[in-house]
Amino acid sequence: MSARRRSIPKKKPRPIILPSMPGGPGQGQDALLTSSQTKQIQDLIDLLRRNNLTELELERQGVRIRVRHEIGIKSVSASVQETVPNISQPSVHPTSASGPPAEDTTGMVTITSPIVGTFYRSPSPDADPYVEEGDIVKKGQVLCIVEAMKLMNEIESETDGRIVKILAESTKPVEYGHALFLIDPNPVQ
Amino acid sequence: MSARRRSIPKKKPRPIILPSMPGGPGQGQDALLTSSQTKQIQDLIDLLRRNNLTELELERQGVRIRVRHEIGIKSVSASVQETVPNISQPSVHPTSASGPPAEDTTGMVTITSPIVGTFYRSPSPDADPYVEEGDIVKKGQVLCIVEAMKLMNEIESETDGRIVKILAESTKPVEYGHALFLIDPNPVQ
Amino acid sequence: MFKKVLVANRGEIALRVIRACKELGIRTVAIHSEADAASLHVRAADEKVCVGPPDAALSYRNIPNVLSAAEVTGVDAIHPGYGFLSENAHFAEVCESIGVKFIGPTSENIAMMGDKAKAREVVSRRGLPVTPGSLGELRSEEDAMQAAQKIGFPVIIKATAGGGGRGMRVVNKAEDLGRAFQAAQAEAKSTFGNENVYLERYFLEPRHIEVQVMADHRGHVIHLGERDCSIQRRHQKLVEETPSPAIDEKLRREIGRVAVEAVKAVHYRNVGTVEFLLDKERNFFFMEVNTRIQVEHPITEMVTGIDLIKEQIRLAAGHPLSIRQQDVVLNGHSMECRINAEDPEKFTPSPGQITKYSAPGGFGVRVDSAMESGATVVPYYDSMIAKLITHGRDRQEAMARMRRALDEFVIEGIKTTIPLHRRIFNDPEFQKGHISTAFLEQLLAR
Amino acid sequence: MFKKVLVANRGEIALRVIRACKELGIRTVAIHSEADAASLHVRAADEKVCVGPPDAALSYRNIPNVLSAAEVTGVDAIHPGYGFLSENAHFAEVCESIGVKFIGPTSENIAMMGDKAKAREVVSRRGLPVTPGSLGELRSEEDAMQAAQKIGFPVIIKATAGGGGRGMRVVNKAEDLGRAFQAAQAEAKSTFGNENVYLERYFLEPRHIEVQVMADHRGHVIHLGERDCSIQRRHQKLVEETPSPAIDEKLRREIGRVAVEAVKAVHYRNVGTVEFLLDKERNFFFMEVNTRIQVEHPITEMVTGIDLIKEQIRLAAGHPLSIRQQDVVLNGHSMECRINAEDPEKFTPSPGQITKYSAPGGFGVRVDSAMESGATVVPYYDSMIAKLITHGRDRQEAMARMRRALDEFVIEGIKTTIPLHRRIFNDPEFQKGHISTAFLEQLLAR
């Protein structure tokens, strides 16, 4: 990826589609606390284990469930960050770099930044944005620019679909893997 | 204890009866809850054990459940010892210092050493042991000697009963709290 | 050299001694109370003996049990650490009588220096500067008034057997002296079982300076520079450093010479600390001798490169001093924070389980602690759970390292004094070295 | 001084640099691959930027992304650590061209020293001792034969762009030279993209000695003594120490002088290391210059008290050297063990989650590591997970401390080289200082 764009201005890196995060919250918890508590909690624990979560909290109609899995974990960052309060950890950007937002994104395609740079929604300050939320886009259509080392890198859509959400703010830095656009490839027209 | 025997040879310290280990799981919850609740909690505890969880929180009516899985350990000392394989940890004596053996000792009285010293079963090398396993003893009867700083400390039984087991080896060192005798205060004659 | 040493202490100092023994190839026996069975110091030793219930009077201070433990494990020597039996002349004497070497000064040294008034008298007779005041104990109120009027008010009355701020009374004017004398005597009697008191000039905002000394059995004595222990709260030290920002090379030589003279006067042996008070005009006065290894000994180790615990052991084994005075070089600057399991604002103890423990590392950072993730801080003993020590080429670097290391230190599950240490190290006056024993109270009052 | 520095590395060296920056009051930016998002070095920094996927070529070595990260975070300077981009002359050059200071030598320094044959030639022309062999690269087999016959067999053929043991061939007799020359050229080409090779005398059981140098922008150069890095397995260092047991004060001055001359010859700037080979007759020969901070720099810090990372930063910011040669004092002895996540017998990598991590502490022990309980050793990068460093008044004490500290070090969940380090430190020949680059293979063969 980086090799291809190293020295060519206006190089167009192909967007990387991150797979949805393994075992994020929101799976299979609907039926909770209706019949056998034990069974359901076992389900939750299994869920926790299968997904190597550090914590799982759910509140639903006055019901709150929190499951935590402290040390034996794959995704260290959550628990570890909790436990080192003295080391500040601001990020370059406000939104999470590594995944879609918490809402239901099943079937959605996330366009992420393949490089580190500055995100621009339009080709120049005076110009209109390439796309707006709700727009229908075609595969290969330019969605934005990420500027890096004075090179403007156009980022294209890798799918036909509708822009559901723009996830980065124009003129702000984005890191590798930063989610830029959420696209619904099968929009209900 | 130590003050009383400090300078008087043949002082007779009274044996200390260790209370059974504090706070094992599952104690004393009966009265707080209905039998069905108790059952449910027991279920939860079983669940917790099966899954090696360390914490489980439950709140009803505004239901709240919290399950926690910490380091995957039963007791801290055990894990800690497991995890420092390079530090040797021999003890002064072969048997555990802090309690009766694993067999059923319900209702038994354990006589422990109230001082650090050397355990002798008889008053002199040529003499017969004070007691043997199976002997019936009276409260106040001398069971053994623990020698410390050249002083012979006679250890008395603090109960009537039968010697079920002698837990220390003659001429070997014992530390404070070392279990010496297991006595059944209500022997089946 | 000894083959096996019993460490008659717990926590970080027990682990410190065990580490030194290991490096010297000496086997170790840990003692512990029932509350400390799972402690790191116990696991670090080659053997262990439970000596009693949690109450220290019945375990760590239980002389028969400790000596029995030494006997049944067949040790050559006992290291007492600090606190507990370390300044108990009777214990030192009994050790010697049963052929177990007490790693420390002689029982006579301990006994004499334990009587603060007597120590002042002996040192003063050698022509060394002691705080102006009475020599020997005060026999009566009249005695006290005479001594006070000679040196001028304010004065402080102290118990001869005292320590830790108890049995002390500050008196600002003559008419308060009588009542204060009575009160100090009564408190001394109830606290130490000895009503004797003496009296000194009371200094405002002095520095607490102490000099590390070492003496071998041939009577050779050297000093390893001073420590500035002025950051105290109610006579409890919280931060120490060496060298003192208030002491230059000339004063160091002078105060060092006096410290060496003072311990020579009592034929002192092994390692000890001579405490001085330094006033604002940089006059220094002998206060007392601590006949044990000090909590803050690591900062002296950091600047001299000398392992004081190993020296204690070698000296006790009859070795001569391993270094001459002229070869003692002080490199850079070292500081220590005593991390206590306490609320950093209210100073109430905060025992409990440490759910996460992660010590800082890297260049110039040393941590002396027997804590670890999952360990429990029990409520029966001292609340100090770790000593964080930094070293730098100069005070500036040592301070910057300390701030960095305090930020890295993670101790969860209990409260600690780390936030207070941060506050001290971020204070401009502290950073300039403008400190006295009044500093911390002033900081807390802000 | 810089206000904000980007640390273009990961793991312990990134944390090391961040610590130094913190102590200097400089803000830090960590970069990381997707595999390292939760790493300690990332959390320790003030800001962080993900620069790519786990593959280092696409993240830590990805020049456009690293420079973009520097640009969007607005840093003044980049510290490259070791490995990755640290010896990439092109990277250093681009940094300078966009106004971001590269904390290291000039790009010319890097380029020249990166050509090993060229470096030998330059140093040799100054009349300094280089290993006997060809000067400049060998143009043909005939060239090689001529050079070999001049110095005598055995000889070693090396790639001019080489490192890490690749592109090397030992030749014991003339008839094997042709084939070895071809093979070395082919391997050099496939590994480094550059087929040039040169040839040196091959020494049996030499010591690997390196001298730490520092140079400021005025051209002042000092050295900080040597490091003995003879304990290697397949050209990978496992244990280092300073001073070398084979070097006395006289030889130290001489080899130090040569090292300083060598880097002066190329107008070297910032911190660097001059590598020498020391034969059994204590003749030493220039090998090459490493134009980066070395993994083993801490042992030099321990004996000199000089923070080499801070010096790098200060020198890069245009400050003059903070110390003169005559003020450099070497105190005591320091040793380092590189703890790798590897099977200690088969040397196969052992990535995975660290279920328990507890580092040793106390006097004279330093740990540089970015590991902690729960951290994961990812399989994409170097297997070194911690550096355990000890310091003592002499080699004996430093070794005893290392044995003690190795025993205390708890790393669970993965295999580490700690058992191998124990074996080395318990070996009588090692203890006597009888070591060479052949030592470890001999130990393993026993």
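As the structure is a computational prediction, the values presented were derived from the model and not from experiment.

**Here's the deal with the overall build of chain C**
Then, number 1: Per the secondary structure count, chain C includes 15 helices and 20 strands.
Then, number 2: Radius of gyration (C-alpha) of chain C: 21 Å, near the 22 Å computed for a compact globule of 446 residues.
Then, number 3: The dimensions of chain C, computed from C-alpha atoms along their principal axes, are 60 × 50 × 45 Å.
Then, number 4: By the burial criterion, 64% of the 446 residues in chain C qualify as buried.
Then, number 5: Partitioning the contacts of chain C with sequence separation of at least 6, the portion at a separation of at least 24 is 66%.
Then, number 6: Accessible surface for chain C amounts to roughly 15600 Å². Of this, 47% is attributable to carbon and sulfur atoms.
Then, number 7: Between the averaged position of the 58 positive side-chain charges in chain C and that of its 59 negative side-chain charges there is a distance of 2 Å.

**Focus on the overall build of chain A**
Then, number 1: Within chain A, the regular secondary structure consists of three helices and ten strands.
Then, number 2: Beginning at the N terminus, the succession of helices and strands in chain A can be written as α-α-β-β-α-β-β-β-β-β-β-β-β.
Then, number 3: Within chain A, the proportion of its 189 residues that are buried is 46%.
Then, number 4: Sequence-distant contacts, at least 24 apart, represent 59% of the contacts inside chain A between residues at least 6 apart.
Then, number 5: Accessible surface, chain A as shown: approximately 9600 Å² in total, 51% of it carbon and sulfur.

**What to know about the side chain of Arg 404 of chain C**
Then, number 1: Positionally, Arg 404 of chain C belongs in helix 12 (residues 395-408).
Then, number 2: Here Glu 408 of chain C takes part through its side chain, which lies 2.9 Å from a polar atom of the side chain of Arg 404 of chain C.
Then, number 3: Of the polar contacts made by the side chain of Arg 404 of chain C, one reaches the side chain of Glu 23 of chain D; its length is 2.9 Å.
Then, number 4: Not counting residues within four places of it along the chain, the set of residues in contact with Arg 404 of chain C comprises Gly 361, Gly 362, Phe 363 and Val 365 of chain C together with Arg 19, Lys 22 and Glu 23 of chain D.

**Description of the pattern of salt bridges**
Then, number 1: As enumerated under the stated definition, the model contains 104 salt bridges over all chains in all.
Then, number 2: Linking Glu 249 of chain C and Arg 252 of chain C is a salt bridge whose minimum nitrogen-to-oxygen distance equals 3.2 Å. Of this pair, Glu 249 of chain C and Arg 252 of chain C both sit in helix 9 (residues 249-264), separated by three residues, roughly a single helical turn.
Then, number 3: We note a salt bridge from Glu 249 of chain D to Arg 253 of chain D, for which the minimum N-O separation is 3.9 Å. Here the residue Glu 249 of chain D and the residue Arg 253 of chain D both occupy positions in helix 9 (residues 249-264), the gap between them amounting to four residues, near one helical turn.
Then, number 4: Taken together, the salt bridges that share partners define one network made up of Arg 16, Arg 19, Glu 23, Glu 301, Asp 307, Lys 310, Arg 366 and Asp 368 of chain C together with Glu 397, Arg 401, Arg 404 and Glu 408 of chain D.

**Some details on the sheet that holds strand 7 (residues 151-156) of chain A**
Then, number 1: Read across the open sheet, the four strands follow the order 7-6-4-9 (chain A); overall the sheet is antiparallel. The two strands at the open ends of the sheet, each matched to only one other strand, are strand 7 and strand 9 (173-174) of chain A.
Then, number 2: Both strand 4 (residues 117-120) of chain A and strand 9 of chain A contribute to a ladder of two bridges, which runs antiparallel. By the bridge assignment, Gly 117 of chain A is partnered in strand 9 of chain A with Val 174 of chain A.
Then, number 3: In the packing of helix 3 (residues 63-73) of chain D onto the sheet, contacts are made with strand 4, strand 6 (142-148) and strand 9 of chain A, and the angle to strand 4 of chain A comes to roughly 70 degrees.

**As for the confidence of the model for chain A**
Then, number 1: The share of residues in chain A with pLDDT of 70 or more is 45%, and the mean pLDDT across the chain is 64.
Then, number 2: Per-residue pLDDT stays below 50 along residues 1-35 of chain A; that stretch engages in 77 contacts with residues further than four places along the chain or on separate chains.

**Things to note about the sheet that holds strand 1 (residues 4-7) of chain D**
Sheet strands line up and pair through hydrogen bonds in the backbone, either parallel or antiparallel.
Residue and element names in this part refer to chain D.
Then, number 1: What the five strands build is an open sheet, ordered 3-2-1-4-5; its pairing is parallel. Both edges of this open sheet fall to strand 3 (47-52) and strand 5 (101-102), since each of them pairs with a single strand only.
Then, number 2: Sheet analysis places strand 2 (residues 27-33) next to strand 3, joined by five bridges and oriented parallel. The residue of strand 3 that forms the bridge with Ile 31 is Val 49.

**Quick look at the side chain of Thr 131 of chain D**
Then, number 1: Checked against the element boundaries, Thr 131 of chain D lands in the loop between helix 6 (116-125) and helix 7 (141-151).
Then, number 2: Ignoring any residue separated from it by four or fewer positions in sequence, one finds Thr 131 of chain D in contact with Arg 120, Glu 200, Phe 203, Leu 277, Phe 285, Phe 286 and Met 287 of chain D.

**Examining the packing of helix 1 (residues 11-24) of chain D against helix 11 (residues 308-316) of chain D**
Residues and elements named next belong to chain D.
Then, number 1: Between helix 1 and helix 11, the shortest axis-to-axis distance is 9 Å and the interhelical angle comes to 65 degrees. One element, helix 1, and the other, helix 11, form an angle in the roughly perpendicular class. As helix 1 runs across helix 11, the sense of the crossing is right-handed. Where helix 1 approaches helix 11, its residues Ile 13, Arg 16, Val 17, Ala 20, Cys 21, Glu 23 and Leu 24 are matched on the opposing element by Leu 308, Ile 309, Lys 310, Ile 313 and Arg 314.
Then, number 2: Residues of the contact of helix 1 with helix 11, tallied by class, amount to eight nonpolar, no polar and four charged.

**A short note on the packing of aromatic side chains**
Residues and elements named next belong to chain C.
Then, number 1: Following the criterion strictly, the structure yields 24 aromatic pairs over all chains and no others.
Then, number 2: Put simply, the rings of Tyr 60, Phe 84, Tyr 380 and Tyr 381 pair up and form one aromatic cluster.
Then, number 3: When the ring centre of Phe 347 is taken as origin, the NZ or CZ atom of Arg 233, which lies over that ring, is 3.6 Å away.

Rules used throughout
- Residues numbered from 1 in each chain as written.
- Chains lettered and ligands numbered in written order.
- Predicted model: local features only at pLDDT ≥ 70, side-chain atom pairs only at ≥ 80, totals over all residues.
- Heavy atoms only, no water.
- Helix = DSSP H or I, 4+ residues; strand = E, 2+ residues; numbered from the N terminus.
- Rg over C-alpha atoms; globule rule 2.2 N^0.38 Å.
- Buried < 20%, exposed > 50% of the residue type's maximum accessible area, 1.4 Å probe, protein only.
- Contact = heavy atoms within 4.5 Å.
- Areas by Shrake-Rupley, 256 points an atom, 1.4 Å probe, with all protein chains shown as cover.
- Lys, Arg positive; Asp, Glu negative; His and termini not counted.
- Charge placed at Lys NZ, Arg CZ, Asp CG, Glu CD.
- Polar contact = N/O pair within 3.5 Å; in protein donor to acceptor, adjacent residues only side chain to side chain.
- Salt bridge = Lys/Arg side-chain N within 4 Å of Asp/Glu carboxyl O.
- Pairing = 2+ DSSP bridges.
- Axes fitted to C-alpha atoms, helices over the stretch in contact; angles between N-to-C directions.
- pLDDT = per-residue confidence, 0-100.
- Parallel < 35°, antiparallel > 145°, perpendicular 65-115°, else oblique.
- Left-handed = near helix turned anticlockwise from the far one by under 90°.
- Nonpolar A, V, L, I, M, F, W, Y, C, P; charged D, E, K, R; others polar.
- Phe/Tyr/Trp six-rings, centres within 6.5 Å; stacked < 30°, edge-to-face > 60°.
- Lys NZ or Arg CZ within 6 Å of the ring centre and 35° of its normal.

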